[in-house]
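The chain contents come next:
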Amino acid sequence: MKLKEIELHHFRNYDDVNMQFSPGINVLLGNNAQGKTNMLEAIYVLALTRSHRTSNNRDLIEWQSEAAQIYGNVAKRLGDTKLEIDLGKKGKRAKVNHLEQAKLSSYVGELNVILFAPEDLSIVKGSPSVRRRFMDMEFGQMSNQYLYDNAQYRKILKQRNNYLKKLQMKEASDQLYLEVLSDQLAAYGSKIIFQRIDLLKKLEGWAADIHAEISQDKEKLQFKYACALKKKQLSDVDSIYNGLLSLYTDNRDKEIRQGNSLYGPHRDDLQFIINKKDVSTFGSQGQQRTSALSVKLAEIDLMKEETHEYPILLLDDVLSELDDSRQTHLLKSIQDKVQTFLTTTSLSGIARELISDPKIFNIESGTVSEEK
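In this text the structure is predicted, and so the values were computed from the model without any measurement.

**Student:** Is there a simple way to explain the sheet that holds strand 1 (residues 2–11) in this structure?
**Tutor:** Strand pairing within a sheet occurs via backbone hydrogen bonds; the two strands may be parallel or antiparallel. The strand order across the open sheet formed by six strands is 2-1-4-5-6-7, and the pairing between neighbours is antiparallel. Two strands lie at the open edges of the sheet, namely strand 2 (14–20) and strand 7 (99–100), each paired on one side alone. As judged from the seven bridges shared by strand 1 and strand 4 (residues 68–76), these two strands associate in the antiparallel manner. Looking at strand 4, one finds that Glu5 is bridged to Asn73. Strand contacts of helix 1 (residues 36–48): strand 1, strand 2, strand 4 and strand 5 (79–88), with the helix running at about 110° to strand 1, the strand carrying the most contacts.

**Student:** Is there a simple way to explain the packing of aromatic side chains in this structure?
**Tutor:** All told, the structure shown has six aromatic pairs when counted by the stated rule. On the basis of an interplanar angle of 85° and a centroid distance of 6.0 Å, the ring pair of Phe139 and Tyr146 is categorised as edge-to-face. Under the relative-accessibility criterion, Phe139 is labelled buried at 1%. The exposure class assigned to Tyr146 is buried, which follows from its relative accessible area of 0%.

**Student:** Just checking my understanding: could you explain unusual backbone geometry for this structure?
**Tutor:** As a rule of thumb, non-glycine residues mostly have phi less than zero, and peptide bonds are mostly trans rather than cis. Non-glycine residue Asn97 carries a positive phi angle of around 50°. Structurally, Asn97 is set in the loop between strand 6 (91–96) and strand 7. The backbone phi angle of Lys276 is positive, close to 70°, even though this residue is not glycine. With respect to the helices and strands, Lys276 occurs in the loop between strand 10 (269–274) and strand 11 (277–278).

**Student:** How should the pattern of salt bridges be read in this particular structure?
**Tutor:** As a working rule, side chains carrying opposite charge can pair if their charged atoms are close by. One pass over the structure, following the stated rule, counts 18 salt bridges. Close ionic contact of Glu66 with Lys89 constitutes a salt bridge, the shortest N to O distance being 3.0 Å. Of this pair, Glu66 sits in the loop between helix 1 and strand 4 while Lys89 sits in the loop between strand 5 and strand 6; the two residues are 23 residues apart in sequence, bridging distant segments of the chain. Accessibility assignment for this pair places Glu66 and Lys89 in one class, exposed. Put simply, Asp269 and Arg131 hold a salt bridge, and the shortest N to O gap is 2.7 Å. One end of the pair, Asp269, is in strand 10; the other, Arg131, is in helix 2 (residues 128–142), and 138 residues separate them in sequence.

Rules and cut-offs
- Residue positions within a chain follow its written sequence, with the count starting from 1.
- Given that the model is predicted, a residue must reach a pLDDT of at least 70 before its local features are reported, and side-chain atom pairs must reach 80 or more before they are shown or counted; all residues, however, enter totals for whole chains, interfaces and linings.
- Heavy atoms throughout the structure, all of them, feed into the side-chain values; hydrogens and water do not.
- In this analysis, strands are considered paired if DSSP registers two or more bridges between them.
- Counting from the N terminus, the helices are DSSP H or I runs at least four residues long and the strands are E runs at least two residues long.
- Any two residues having at least one pair of non-hydrogen atoms within 4.5 Å are treated as being in contact.
- Every axis corresponds to a line fitted to the C-alpha atoms, with the helix fit spanning only the stretch in contact, and the corresponding angles, defined between N-to-C directions, vary from 0 to 180 degrees.
- Side-chain rings of Phe, Tyr and Trp, where Trp is taken by its six-membered ring, are said to pair if the distance between their centres is within 6.5 Å; with planes under 30 degrees apart they count as stacked, over 60 as edge-to-face, and otherwise as tilted.
- Here's how the labels work: a residue is buried when its accessible area is under 20% of the maximum for its type, exposed when over 50%, partly exposed in between, all with a 1.4 Å probe on protein chains only.
- Each salt bridge in this description consists of a side-chain nitrogen of Lys or Arg and a carboxyl oxygen of Asp or Glu lying within 4 Å of one another.

Below you can see the structure in the form of structure tokens.
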């Protein structure tokens, strides 16, 4: 999978721009606050219909403009695919080969991307919500079923939380309706948890090998899915479903008192373990960064395994955050393997001998010029 070109109209600080990309490494070069990250964000939005930096579409539209458009041409195994995202006052529209998609879930997956930014280095030591978002965003690209189940779960979770608050405030009393919502939440929640565990097991296999190589076989990286269910309840979808239902039944009064759903995939976490110790608590900063790097590189291979296409890699000023050995491992891993977009303020800090024939774009105040 390669992004051959992108065209932006009134996106962030870009008025009108068209860029033709290399199938290898593309370097976006420029000072801070010139638009380098905005370009990566445009590619991300083209892939996932949403930004990784804001939930407000208005932020993506150029100042004093009414709407923004992103067009892309993607080369895939079975031919080229034209993608389009329109952002306006009435929300967003997504098109594949000029046909508008009724559901965004049917659009996601046409272009797969992996974003690696400095903040991703904190995925190991960050809050559980960061890791849940990581699982939802990445696994949603690999599986339309996961994306659908997660959307349905979020919808029912909102309804159940609203009803729990009504019960808490004694504005409602129908326990049967709560049971119906609990059953629906458990049904979708069990599917999400089962898919997470399955994909995490595959991701762990790739990440463990990468981590062992970086640490010269001194460390063993493992994943642990942390939730309120016992290990024996996680064997299949039905067992997870029954386990969640039991949690809702046994803790009904507690949830009503708090006016909130306390169990399910929206409360679960992912733990990273090195040599049987939790990296977030006991790991050094170096171990935490190596774990994050291993996970991101493992995603490339897992996405290829699940979708039969290599994703596109977006590196947002991340090389400056890595020491020489980790930077070298990253660049060697992606060379001649995945199309990469790399932002940097200077090429001097990059091991240029590890990048063959990069295409360099100079970016200044939303204006792009290709370096010859």
